[in-house]
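Single-letter residue listing:
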Amino acid sequence: MKLQGKKILITGGSSGIGASTALLCAEEGAQVCFSYRNKKEDAEKIVQKIKSAGGGARAIAADLSDEKSMENLVIVACEHMNGIDVLV
């Protein structure tokens, strides 16, 4: 597992490239937090896929065009994972 023990924050992880990245990072052993803007159900599906495979994941609602929302995203991810090693 190439990313064993790494803590990764991914922006836009509820679909497309972000979701694929979250799944791949988790498969490689990383703990993953990712943001979503308005696709909560899609985000929760990705979290469940990762958890079903034995990985750790959390989806966090965030609007990346809003500075306070971005700040909250980082704070929540850091608290959940006890830090961040990689930002995607």
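Because the structure is a prediction, the values reported are computed rather than measured.

> Can you walk me through the overall build of the chain in this structure?
A count of helical and extended segments in the chain gives 3 helices and 4 strands. Start at the N end of the chain and walk to the C end: the helices and strands fall as β-α-β-α-β-α-β. Against the globule reference of 12 Å for 88 residues, the chain gives a C-alpha radius of gyration of 12 Å, in line with a compact fold. Its C-alpha atoms give the chain principal-axis dimensions of about 35 × 25 × 20 Å. Taken over 88 residues, the chain has a buried fraction of 36%. Long-range pairs, those at least 24 residues apart, make up 61% of the contacts in the chain with a sequence separation of at least 6. Accessible surface for the chain amounts to roughly 5200 Å². Of this, 50% is attributable to carbon and sulfur atoms. The chain carries 11 positive and 11 negative side-chain charges, and their two centres are separated by 4 Å.

> Looking at this structure, how should I read the nonpolar core?
One broad rule of soluble globular proteins: the nonpolar side chains tend to lie buried together. Membership of the largest hydrophobic core comes to 16 residues, with the highest contact counts inside it found for I10, A22, V32, F34, I46, I50 and A59. Among the elements of the structure, β1 (7-10), α1 (16-27), β2 (31-36), α2 (40-52) and β3 (56-61) are those that each provide at least two residues to this core. Discounting chain neighbours no more than four positions away, the residues touching F34 are L9, I10, G13, S14, A22, A43, I46, V47, R58, A59 and I60. Core analysis: the next-biggest nonpolar cluster, separate from the first, contains 8 residues, A62, L73, A77 and M81 among them.

> Mind showing me how you'd approach the environment of A62 here?
Take A62: it is sitting in the loop between β3 and α3 (67-81). Overall, the relative accessible area of 7% leaves A62 in the buried class. Considered as a pair, A62 and S52 are 10 residues apart in the sequence and their alpha carbons are 24 Å apart. Aside from chain neighbours lying at most four places away, what touches A62 is S35, Y36, R37, S69 and L73.

> Sorry if this is basic, but what is going on with the side chain of S14 here?
Relative to the elements of secondary structure, S14 occurs in the loop between β1 and α1. The residues contacting S14, other than those within four sequence positions of it, are A19, F34, S35, Y36, K39, D42, A43 and I46.

The rules we used
Sequence order as written defines residue numbering, which begins from 1 separately in each chain. Given that this is a predicted model, residues contribute local features only at a pLDDT of at least 70 and side-chain atom pairs are listed and counted only at 80 or more, while totals for whole chains, interfaces and linings are drawn from all residues. Hydrogen atoms and water are omitted, and side-chain values are computed over all heavy atoms in the structure. What counts as a helix is a DSSP run of H or I of at least four residues, what counts as a strand is a run of E of at least two, and both are numbered from the N terminus. In this setup the radius of gyration rests on C-alpha atoms only. A globule is expected at 2.2 Å times the number of residues raised to 0.38. Partly exposed describes any residue whose relative accessible area lies between the buried limit of under 20% and the exposed limit of over 50%, with all areas from a 1.4 Å probe on protein chains only and scaled to the type maximum. Note on contacts: a residue pair is in contact if any heavy atoms of the two residues lie within 4.5 Å. What sets the accessible areas is the Shrake-Rupley method with a 1.4 Å probe; for residues, cover comes only from the shown protein chains. Positive: Lys, Arg. Negative: Asp, Glu. His and the chain ends are not part of the count. Just so you know, the charge point we use is NZ for Lys, CZ for Arg, CG for Asp and CD for Glu. Only buried residues count toward a nonpolar core. Its members are Ala, Val, Leu, Ile, Met, Phe, Trp, Tyr and Cys residues joined through side-chain atoms within 4.5 Å.

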